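Results of the structural survey
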Amino acid sequence: MSQSVTVDSDVEIPQENDADLVSVRLVQDGAVHIAYGIALLIDDKPVDPPVASWPHSKPGEVYFVATGLALRGLKMDCYGRVYLAGDDTTKLHCDFLVDDTVVATSATAEIKLSSSSSSREFHIRSHFV
């Protein structure tokens, strides 16, 4: 079994968006199948209900989260698994949007797949500062 790919990053929603509703979407670069979920975390514990329930599999779909101010100090984990029966690399990251405009972006997870390792787990962890 292959190792999980995990990236962590600080995400800063601009202060001018403190009162605005922030949404998130998983962005995919590469032709692979993805099953994923998105959880908002308080003290590393998931908040119920999740932002996107596992095994959601439509990258690019937008999910409303909270206001910019409410997110400060919280964490988010976009977690899942990518699948491809072949050799390829895919890149995944989360965009944070206000009114369909990207205001922040997470770090990018680069996931290499091969015929001998056709699926890998990933975590894109964002800490709102």
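These remarks concern the structure in this document. By convention here, each chain's residues receive numbers from 1 onward along its written sequence. Only residues with pLDDT of at least 70 are given local features in this predicted model, and only at 80 or more are side-chain atom pairs given and counted; all residues enter the totals for whole chains, interfaces and linings. Excluding hydrogens and water, the side-chain values take into account all heavy atoms of the structure.

1. Side note on the pairing of strand 8 (residues 88-98)
Of all 11 residues in strand 8, 8 are buried; the element is thus mostly enclosed. Bridge count between strand 8 and strand 10 (residues 109-113): 5 bridges; the pairing is antiparallel. Looking at strand 10, one finds that K91 is bridged to E110. DSSP calls a pair of strands paired once it identifies at least 2 bridges connecting them. Only DSSP runs of H or I covering at least 4 residues are called helices, and only runs of E covering at least 2 are called strands; the numbering of each starts at the N terminus. Relative to strand 9 (residues 101-105), strand 8 is paired through 4 bridges, and the arrangement is antiparallel. From the neighbouring strand, L97 faces strand 9, where its bridge partner is V102. Taking the residues between adjacent antiparallel strands as the criterion, strand 8 and strand 9 are bridged by 2 residues, where D99 takes a positive phi near 50°. The buried label applies to any residue whose accessible area, calculated with a 1.4 Å probe on protein chains only, is under 20% of its type's maximum; exposed applies above 50%, and partly exposed to all values in between.

2. Quick look at the environment of S119
Within the element layout of this structure, S119 appears in strand 11 (residues 119-128). Separated by 38 residues in sequence, S119 and R81 have C-alpha atoms that sit 6.6 Å apart. Contacts are assigned to residue pairs that have any heavy atoms within 4.5 Å of one another. Apart from residues lying up to four places away in sequence, S119 is in contact with S2, R81, V82, Y83 and L113. Any N or O atom pair separated by 3.5 Å or less is treated as a polar contact, with the protein-specific requirement of one donor-capable and one acceptor-capable atom, and with residues adjacent in sequence counted only for side-chain atom pairs. A polar contact is formed between the side chain of S119 and the side chain of R81, at a distance of 3.0 Å.

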